[in-house]
Each structure stands twice: as structure tokens, then as C-alpha cells.
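Structural overview for review
Listed below, chain by chain, are the residues.
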2 protein chains.
Amino acid sequence: MPAEPSSRGHNRDVLSVGQVARRSGVAVSALHFYETKGLISSWRNSGGQRRFPRSVLRRVAVIKAAQRIGIPLSEIADALAALPDGRSPTAADWQRLSDQWRANLDERIDKLVKLRDHLDGCIGCGCLSLESCPLRNPEDIAANAGPGARLFDQTD
Amino acid sequence: MPAEPSSRGHNRDVLSVGQVARRSGVAVSALHFYETKGLISSWRNSGGQRRFPRSVLRRVAVIKAAQRIGIPLSEIADALAALPDGRSPTAADWQRLSDQWRANLDERIDKLVKLRDHLDGCIGCGCLSLESCPLRNPEDIAANAGPGARLFDQTD
DNA sequence: TGGATACCTCAACTTTACTTCAGGCCAGAC
DNA sequence: GTCTGGCCTGAAGTAAAGTTGAGGTATCCA
């Protein structure tokens, strides 16, 4: 077993990129990528290799959780950037993220449920071929029902 | 008002690509794209311009509905290709598609709901930093609980 | 018979989230 | 001290789902 910082003796709170990759289940290339996007950060050792604090594992875990929800990396980056600057994030900080993303998740679920409710009636029957179907013609719904009442988003 | 086949006189059941675009809310370029992917098809008039049967509108509507559900175009193409060859699709044909996609939709909703159920407990608390959290470590769940019991898909 | 649109093809560009590759430098075990 | 495997950078490739642009043709209405 070669080149493994902290495999015995060094600093157990400092991880190489490969160690982070193994422990987080995220590829090294993806970690590089996240770093270029500002989602995580590292310092370099004397040889120019990345070194991460152990806390990066939680950060990566949060990133992955957010991705499963369907949040794009750019938004995850924004959310993470809003974490406190000096101190390390507390449970309350993470909770704020969770709340934020939970709302997003609720919304997505809600949209899919509404879509489901209309799917059977709309594709199977003849209404899809006419302008009056909510499944077919989201714009009309929006136009007729005013703001806040639209069933489906164009941006969906 | 220029170049508009069937705007008066010709064949009301035959549409130009621009007419399809206006009636379906899909850009001309997207219709071209769909055609290259085999999702829709057309014949050409003497001048080489695309002509569509009116039925393409329903097809496009179904494509859009499926996309809102989250089905990739390749799968939509497969599903549409499975429609009867000679005759035009009946309500029962569309119903089969609807059933198929509804199952997919149910599954997606289910996954998101499970994710939601774990989000509060997992990001907010300390468990995310340890190997035992289902939100953090889906692989472990899969490994420990055997097939069929995993909470989250890697491919999600 | 024009002129204004609409339409044609093909290639290249866009975004998101990465992966893969080439060429070359570290780190640690023996 | 050397060798194997880890790590580095930067560029290019991938997939999905289209959009945009260039250069040229069709249609239609007056």
C-alpha cells in the first residue's frame, strides 16, 4: 500500500484527494471539478498536492444529497458559499440548507404529483388533441387562470 | 400574411413545420431535431419542404408530456416506435403509453418522497458525517440490506 | 414579378456534470 | 535509491436536448 498520507502517523484530519474520493464515493476527477467550481477547497502540500480538511467529507455528502434532490451544482455552490466564513458550520447552518432544499424538493414532488393526476385522464382520452387540455397546453392554463394557479411550469 | 399552406383552401390536415411549431409550442429547430431522432416524421412537398399530418400535434403533445415526467427522448422514441405501424394509434394505444410512464412517474415520486423523509434528519443532525447515514452512504445500505432494499439509487 | 417570409441543410455552439488522456512530477515502501 | 502507484495540469471528449448561424431555396400575396 503506497503513497497514503496519514495511513499511519501523519495527520488523520488531513486527507489527500484520493482518500476523499474513497471515503466519499466521488471520483477524483469530480473532486477536482468541484474545486474549480468553488464547491470545495484545499491547500497544497510542499509537493503541490491537494490536501483537504476532514470536514470536506461532510461538504461532499451535502453536495451529493442536494444533487439527488435535483439542485444544480451552481445553486449548491451558492448555498454553500452562504455558510459562515470563519467558523466551521454548525448543525443549525446545515439545517438552514436542509430547509431551503426541502422546500425545493416539496415543490418538485408537488409538480410531479399534479402531473400524475392528469396523466391518465389526458393521454388516454381525446382531450390531448385539443387546445383545452392542461397536459397539452400549459400556457393556456396560465393565461386563463392568472398567476399562481398554473398547473405546470414551462421551465419544468 | 405570407407563405402559409392551408391558411385558406389547401389541406387543413397537412401542416408545415412552422404551423406545427405554432400550434404545439415547440420551436421549429426542435421539430427538426425530433425528426432526426425518429420521434416524428414527415414527407416533403415538391419544393422539399416538410409536411406533417395533423396527427403530429398529438404526438408532439405526448412527447412534451413524457418529457415533463422526466423521460429521456431516447425512451420516448422507443415507446412511440412501439405504436402500431399501419393504423393510427387508438385511445388504447395512448393509454398503454400513459400506464408505462405513470409507473415511471410513481417511482420517481416515491424516490423523492423517501429522500425528503430523510433530508431533515440527515443533513441537520450529525449523522451525515458518519458512515451510517443513508443519505450519505447509499452503497452501504445496498450492501447491508441486500437487493431490493436500497433507499436511493446511485443513478439518481 | 417582386419582395417578404418561411423553409432547407449542415456545422458549430450551448449547458451541465463530469470523464479521459497525455505528459510529467511526487511520495513512500523496500 | 529506485520503483510503483498517486497526483498534477490542461485539453479534449461525452451525453442530452436543443439553439444559432450561414448560405441558399420556396411560397405566397399583391
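Observations concerning the overall build of chain A
Each helix and strand in chain A was counted, giving 6 helices and 3 strands. Counted from the first residue to the last, chain A has its helices and strands arranged as β-α-α-β-β-α-α-α-α. Across the 156 residues of chain A, 40% fall into the buried class. Relative to all contacts within chain A whose residues are 6 or more apart in sequence, the contacts with residues 24 or more apart total 41%. Of the accessible surface of chain A, which amounts to about 8,400 Å², a share of 51% is contributed by carbon and sulfur atoms.

Brief notes about the environment of I109 of chain B
Following the sequence through the fold, I109 of chain B ends up in helix α5 (residues 91–124). Relative accessible area serves as the criterion here: at 5%, I109 of chain B is assigned to the buried category. Those residues in contact with I109 of chain B that sit more than four places away from it in its chain are I109, L112, V113 and R116 of chain A.

Looking at helix α1 (residues 17–24) of chain B
Residue and element names in this part refer to chain B. Burial within α1 is extensive, with 6 of its 8 residues counted as buried. Among the residues of α1, V17, G18, Q19, V20, A21 and S24 are the ones counted as buried. Summarising the contacts, the buried residues of α1 are in contact with β1 (14–15), α2 (28–36), β3 (50–53) and α3 (56–69). Where α1 terminates, the next one or two residues include G25, which has phi positive at roughly 80°.

What about the sheet that holds β1 of chain B?
All names here are of chain B. Across the sheet, which stays open at both edges, the 3 strands sit in the order β1-β3-β2 with antiparallel pairing between neighbours. A strand with exactly one partner marks an edge of an open sheet, and here the two such strands are β1 and β2 (43–44). With 2 bridges connecting them, β2 and β3 associate as antiparallel partners. Looking across to β3, one finds that W43 is bridged to R51.

Observations regarding the packing of aromatic side chains
Two numbers describe a pair of aromatic rings. These are the distance of the centres and the angle of the planes. Residues and elements named next belong to chain A. Using the criterion set out here, one finds 2 aromatic pairs over all chains in the structure. Ring geometry for F33 against Y34: centres 6.4 Å apart, planes inclined by 50°, an arrangement best described as tilted. Judged by its relative accessible area of 7%, Y34 is buried.

Let's talk about helix α4 (residues 73–81) of chain A
Residue and element names in this part refer to chain A. Taken as a whole, α4 has its buried residues at L73, I76, A77, A79 and L80. Burial along α4 is one-sided: seen end-on, the buried residues are contained in an arc of 165°. Exposed and facing more than 90 degrees away from the buried side of α4 are S74, D78 and A81.

Details of the pairing of strand β3 (residues 50–53) of chain A
Residues and elements named next belong to chain A. Inspection of the sheet shows strand β1 (residues 14–15) paired to β3 by 2 bridges, in the antiparallel sense. Its bridge partner lying in β3, V14 is registered against P53. What sits between strand β2 (residues 43–44) and β3 in their antiparallel hairpin is a turn of 5 residues, with G48 showing a positive phi close to 90°.

Notes on the sheet that holds β1 of chain A
The 3 strands lie next to each other as β1-β3-β2 (chain A), forming an open sheet whose pairing is antiparallel. Among the strands making up the open sheet, the edge pair consists of β1 and β2 of chain A.

A look at the pattern of salt bridges
All names here are of chain A. Across all of its chains, the model carries 14 salt bridges over all chains by this definition. Taking the shortest distance from any N to any O, the salt bridge between R96 and D93 comes out at 2.4 Å. Of this pair, R96 and D93 both sit in helix α5 (residues 91–124), 3 residues apart, roughly one helical turn. Given a relative accessible area of 51%, R96 falls into the exposed group.

With respect to the packing of helix α3 (residues 56–69) of chain A against α4 of chain A
Residues and elements named next belong to chain A. One can describe the packing of α3 onto α4 by two numbers: an axis separation of 10 Å at closest approach and a directional angle of 135°. Relative to α4, the element α3 is oriented oblique. Once α3 is placed against α4, the crossing between them reads as right-handed. In this structure, α3 contributes R59, V62, I63, A66 and Q67 to the contact, and α4 contributes L73, I76 and L80. Within the contact of α3 with α4, the residues separate by chemical class into 6 nonpolar, 1 polar and 1 charged.

Observations regarding the packing of helix α1 (residues 17–24) of chain A against α3 of chain A
When two helices pack together, you describe them by how their axes are tilted relative to each other and by the distance separating the axes. All names here are of chain A. Two elements in contact, α1 and α3, have axes whose closest approach is 10 Å; the angle formed by their N-to-C orientations is 50°. As summarised for this structure, α1 and α3 are arranged oblique, according to the angle between their axes. In terms of crossing hand, the pair formed by α1 and α3 is right-handed. On the side of α1, the interface is formed by V20, R23 and S24, while α3 contributes V56, L57, V60 and K64.

Reading the values: the criteria
Residues numbered from 1 in each chain as written. Chains lettered and ligands numbered in written order. Predicted model: local features only at pLDDT ≥ 70, side-chain atom pairs only at ≥ 80, totals over all residues. Heavy atoms only, no water. Helix = DSSP H or I, 4+ residues; strand = E, 2+ residues; numbered from the N terminus. Buried < 20%, exposed > 50% of the residue type's maximum accessible area, 1.4 Å probe, protein only. Contact = heavy atoms within 4.5 Å. Areas by Shrake-Rupley, 256 points an atom, 1.4 Å probe, with all protein chains shown as cover. Pairing = 2+ DSSP bridges. Phe/Tyr/Trp six-rings, centres within 6.5 Å; stacked < 30°, edge-to-face > 60°. Arc of directions from axis to C-beta. Salt bridge = Lys/Arg side-chain N within 4 Å of Asp/Glu carboxyl O. Axes fitted to C-alpha atoms, helices over the stretch in contact; angles between N-to-C directions. Parallel < 35°, antiparallel > 145°, perpendicular 65-115°, else oblique. Left-handed = near helix turned anticlockwise from the far one by under 90°. Nonpolar A, V, L, I, M, F, W, Y, C, P; charged D, E, K, R; others polar.

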